Amino acid sequence: VSARAVLARAIATSYSARMTPAQRTYLIAVDTLHKRLGFSPTLREVANERGVSSTNAVNDVLSRLERDGLLARNGHKARTMRLTDAGRMALQEQG
């Protein structure tokens, strides 16, 4: 088992217990859209998927998930968000 996998498991285990239901639905939305579209979604697409009108609200939640190591984005570039290994594991643990 690689050090990266061990770290991802530790992050996922630590965070999955305290992830809010709303945060979980945002992770699911990003993952679902990525699978449906075949590439990373935009903030607007995540907002539409969640039924939220404000992309600022979406960005706030996604920024928190990024800080917690569950989501990765490449700065402010469009279509770069993805779940990290820890993010996928956290969803599986709450399953």
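Residues numbered from 1 in each chain as written. Predicted model: local features only at pLDDT ≥ 70, side-chain atom pairs only at ≥ 80, totals over all residues. Heavy atoms only, no water.

For the rest of this paragraph, the subject is unusual backbone geometry. Most peptide bonds adopt trans geometry, and most residues besides glycine take a negative phi value. With phi around 60°, Arg79 is a residue other than glycine that occupies positive phi space. Tracing the chain through its elements places Arg79 in the loop between strand E1 (71-72) and strand E2 (82-83). (Helix = DSSP H or I, 4+ residues; strand = E, 2+ residues; numbered from the N terminus.)

Here we come to helix H4 (residues 55-67). For H4, which comprises 13 residues, the first-to-last C-alpha distance of 18 Å matches the rise-based estimate of 18 Å (1.5 Å per residue) to within 8%. Among the residues of H4, those classed as buried are Val58, Leu62, Ser63 and Leu65. The buried residues of H4 all sit within an arc of 160° when viewed along its axis, so they share a single face. Of the residues in H4, the exposed ones pointing more than 90 degrees away from the buried face are Asn56, Asp60 and Arg67. Sitting at the head of H4, Ser54 places a side-chain oxygen 3.2 Å from the backbone nitrogen of Asn56. Positive backbone phi, approximately 85°, marks Gly69, located one or two places after H4. (Expected span 1.5 Å × (residues − 1). Buried < 20%, exposed > 50% of the residue type's maximum accessible area, 1.4 Å probe, protein only. Arc of directions from axis to C-beta. Polar contact = N/O pair within 3.5 Å; in protein donor to acceptor, adjacent residues only side chain to side chain.)

Below, the discussion takes up the packing of aromatic side chains. The relative placement of two aromatic rings is captured by the distance of their centres and the angle of their planes. Enumeration over the complete set of coordinates arrives at zero aromatic pairs. The ring centre of Tyr26 lies 4.5 Å from the NZ or CZ of Arg50, which sits over that ring. (Phe/Tyr/Trp six-rings, centres within 6.5 Å; stacked < 30°, edge-to-face > 60°. Lys NZ or Arg CZ within 6 Å of the ring centre and 35° of its normal.)

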